[in-house]
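Spelled out from the first residue to the last, the chains are:
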Amino acid sequence: MSKSAKYIFVTGGVVSALGKGISAASIGLLLQRRGLKVCNVKFDPYLNVDPGTMNPYQHGEVYVLDDGAETDLDLGHYERFLDQSLSKDNNVTTGQVYNTIITRERRGDYLGATVQVIPHVTEEIKSRLKKLVRGDEPPDVIIAEIGGTVGDIESQPYLEAIRQMGQEEGPENTMFIHVTLVPFINTAGEYKTKPTQHSVRALREIGIQPNMLLCRSVQRITDALRQKISLFCSVPTSSVIAAEDKPTIYHVPINFHEQHVDDIICQHFGWDLPQPDISDWQTMVEKINNPKRRIKIAICGKYVMLKDAYKSIIESFVHAGVHNDAEVNLIWVSSEDIKQSGAEKFLHDCDGLLIPGGFGERGVAGKIESIRYVRENNIPFFGLCLGMQCAVIEYARNVCGLTDAHSYEFYHELKHPVIHLMADQEGVTELGGTMRLGAYPCVLTEGCKAHQAYGCDRISERHRHRYELNNAYRQILTERDLVLSGMSPDNHLVEIVEIKNHPWFVGVQFHPELKSRPTRPHPLFREFVRAAVEYNEGRKKDKVPEITHS
Ligand code: GLN
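Since we're looking at a predicted model, the values are computed, not measured.

Colleague: Quick question: what am I supposed to make of the overall build of the protein here?
Modeller: Looking only at helices and strands, one finds 19 helices and 23 strands in the protein. Against the 2.2 N^0.38 benchmark of 24 Å for 550 residues, the protein shows a C-alpha radius of gyration of 25 Å, consistent with a compact globule. Out of the 550 residues in the protein, the part that is buried amounts to 57%. Within the protein, counting contacts between residues at least 6 apart in sequence, those at least 24 apart form 73% of the total. A distance of 3 Å separates the average location of the 61 positive side-chain charges in the protein from that of its 71 negative side-chain charges.

Colleague: Please clarify how the site of the ligand should be interpreted in this entry.
Modeller: Taken together, G357, G358, F359, C385, L386, Q389, E409, R464, H465, R466, Y467 and H511 are the residues near the ligand. The backbone of Y467 places a nitrogen or oxygen atom 2.9 Å from an oxygen atom of the ligand. Isolated, the ligand exposes 290 Å² of accessible area, and the fraction of that covered by the protein chains is 98%. Breaking the shell around the ligand down by element, the ones donating at least two residues are α16 (386-398) and β19 (458-465).

Colleague: Explanation requested: the packing of aromatic side chains in the structure shown.
Modeller: Any pair of aromatic rings gets described here by the distance separating the centres and the angle formed by the planes. The final tally for this structure, using the stated rule, is 16 aromatic pairs. Ring geometry for F184 versus Y191: centroids 4.9 Å apart, planes at 65°, classification edge-to-face. Look at F184 and you get partly exposed, because its relative accessible area is 39%. Residues W504 and F528 carry aromatic rings whose centres are separated by 5.5 Å and whose planes lie at 35° to one another, so their mutual orientation is tilted. Taken together, the positions of W504 in the loop between β22 (494-499) and β23 (505-508) and F528 in helix α19 (residues 523-543) put the pair 24 residues apart, joining distant regions of the chain. Residues W504 and F528 agree in their burial class; the two are buried. The structure contains a cluster of three or more aromatic residues connected by ring pairs, namely F317, F382, W504, F525 and F528. Lying across the ring of Y440, R436 places its NZ or CZ 4.4 Å from the centre.

Colleague: Sorry, what's going on with the pairing of strand β17 (residues 416-421) here?
Modeller: If a strand is regular, its side chains alternate between the two faces of the sheet. Within β17, five of the six residues are buried, which leaves it mostly tucked inside the rest of the structure. In the sheet, strand β16 (residues 405-407) pairs with β17 via three bridges, with the strands oriented parallel. Within the sheet, the bridge partner assigned to H406 lies in β17 and is P417. Alignment of β17 against strand β20 (residues 467-469), held across three bridges, turns out to be antiparallel. The partner of H420 across the bridge, within β20, is E468.

Colleague: Can you help me understand the pattern of salt bridges in this one?
Modeller: Opposite charge on two side chains makes pairing possible when the charged atoms of those side chains draw close. For the structure shown, the criterion picks out 41 salt bridges. Notably, a salt bridge pairs R462 with D66, separated by 2.8 Å at the nearest N-O pair. Here the residue R462 occupies a position in strand β19, and D66 occupies one in the loop between β3 (63-64) and β4 (70-71), the gap between them amounting to 396 residues.

Colleague: Explain the packing of helix α1 (residues 20-33) against helix α10 (residues 261-269) to me, please; I cannot follow it from the model alone.
Modeller: Between two packed helices, what matters for the description is the angle formed by their axes and the separation of those axes. Between α1 and α10, the shortest axis-to-axis distance is 10 Å and the interhelical angle comes to 70°. What the angle tells us is that α1 and α10 run roughly perpendicular. In the packing of α1 onto α10, the handedness of the crossing is right-handed. Across the interface between the two elements, I27, L30 and L31 from α1 touch V261, D262, I265 and C266 from α10. Across the contact of α1 with α10, the residue classes tally to six nonpolar, no polar and one charged.

Colleague: Looking at this structure, how should I read the sheet that holds strand β5 (residues 91-93)?
Modeller: Hydrogen bonds between backbone groups are what pair the strands of a sheet, and the pairing can be parallel or antiparallel. Strand order in the open sheet made by the seven strands is β5-β2-β6-β1-β7-β10-β11, with parallel pairing throughout. The strands lining the two open edges of the sheet, one partner per strand, are β5 and β11 (240-244). Across the sheet, the axes of successive neighbouring strands diverge by a mean angle of 20°, strand direction being ignored. Here strand β1 (residues 6-12) runs beside strand β7 (residues 174-181); their pairing, made up of six bridges, is parallel. Along β7, the bridge assignment pairs I8 with M175. Against the sheet, helix α8 (residues 223-233) touches β10 (212-217) and β11, its axis set at about 130° to β11.

The rules behind each value
- Residues numbered from 1 in each chain as written.
- Predicted model: local features only at pLDDT ≥ 70, side-chain atom pairs only at ≥ 80, totals over all residues.
- Heavy atoms only, no water.
- Helix = DSSP H or I, 4+ residues; strand = E, 2+ residues; numbered from the N terminus.
- Rg over C-alpha atoms; globule rule 2.2 N^0.38 Å.
- Buried < 20%, exposed > 50% of the residue type's maximum accessible area, 1.4 Å probe, protein only.
- Contact = heavy atoms within 4.5 Å.
- Lys, Arg positive; Asp, Glu negative; His and termini not counted.
- Charge placed at Lys NZ, Arg CZ, Asp CG, Glu CD.
- Near = heavy atom within 4 Å.
- Polar contact = N/O pair within 3.5 Å; in protein donor to acceptor, adjacent residues only side chain to side chain.
- Areas by Shrake-Rupley, 256 points an atom, 1.4 Å probe, with all protein chains shown as cover.
- Phe/Tyr/Trp six-rings, centres within 6.5 Å; stacked < 30°, edge-to-face > 60°.
- Lys NZ or Arg CZ within 6 Å of the ring centre and 35° of its normal.
- Pairing = 2+ DSSP bridges.
- Salt bridge = Lys/Arg side-chain N within 4 Å of Asp/Glu carboxyl O.
- Axes fitted to C-alpha atoms, helices over the stretch in contact; angles between N-to-C directions.
- Parallel < 35°, antiparallel > 145°, perpendicular 65-115°, else oblique.
- Left-handed = near helix turned anticlockwise from the far one by under 90°.
- Nonpolar A, V, L, I, M, F, W, Y, C, P; charged D, E, K, R; others polar.

In structure tokens:
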């Protein structure tokens, strides 16, 4: 095999949200399973330095890496599909590229030259790509996904940069894969190829001829349609791949493999590699499609309308569900609705409640009320970050009698700030990248639910927050049976809380959803779902009328 790295560029056409990230991750998985060292990278054409400052309504979830980088949610797909931990170098934004260039310009590094999009921006993009190939064990293949859609003004420098890469590295080292849409037009009763033809034409106008097309459609397109697309787009029919919607995203790599996507890529690069073993993924998909039981978990949050804001949580439930042979039906409950109509109405038939992370006071009252309901009714509870903080507030108010307990995040003049600003956050004024971010160690208390779930004494989990449990309240909380079951190694920060006499009530200051993997569900999600299954079975038993003897 040749030593130089190969590059696969994944672009998108026609519309956004076609699943470029899942396509890039699926290709990565197949190549990894053929024995290659794969590196996925995402280029985002916006001017924010990272998505950390963006509203989840606009951008979806912010995916935090071990090194503390706040990244695009596609990095979540890469980590989950390839079971890898990535770093800040795996997500490049236009904001970062310009930041670097402007800093250099101010230093005088350009020696009087006019700094321009071409060549300076394109060179910086290429250098960030090439940087990924350095190191002791460089990857065999870089899979670079270009955010946005071909034709967008913002993505032009990226497309020009990858076009140049194709020229400089040669066709034997580069491959262009275009994800496109083949829409079904109801009134005509047909699939239409024209948008794909236009999208490929737009690519060719800027000098990129795709080597493969991934045709997204609702149902699988016919071979005749693939031949037509092949003819008009100058792509061999075998490389026009039918990428129809699947009930689960974990079916996508299997679908690609069945259509020889990985064989075609290996052939293109001259790799002679064994077939990939994806039997574990096949088993997983079978289990997802044929669950033995169903449970209902309520998620009470602020952004319940936009599922992308909770992407990793949703996937974590799929992984934990597979492990427990259960389909987890997520019931999205707006915290505002709970505040208005009470928790019982929404939660009486749920088998568990999860409160996700979040910022700002809107919806907090509803979250606290829903936590009270599940705590009092012995329904399994899992609180993540803000969810844990709300659980502590609820406990302080309703069990410890501190009626006006609240978080310093929402009110500064508080009698009982049971959640307060972390010491190292004092004086921080800038918003971008200044939270407690990334992986930190945590020591678990023996005998607790968390310790049982992880099966070890020390863990590492990813964080993204500014506030924490106020240590001044540790005593009163623990005296009333709140258990501090995970602490920072110096014992200064409470990372996990539990309630003693409750079937499963766990709140964590970190984001476990960022570390769940398809075939390695996160221990806490796994055990939460197990507890919910048990609760569900108990509930069903309760419904059976008792046999009375006369
Ligand atoms: N807003 C809370 C904090 O900053 C929780 C953050 C979160 O849920 N990610 O501490």
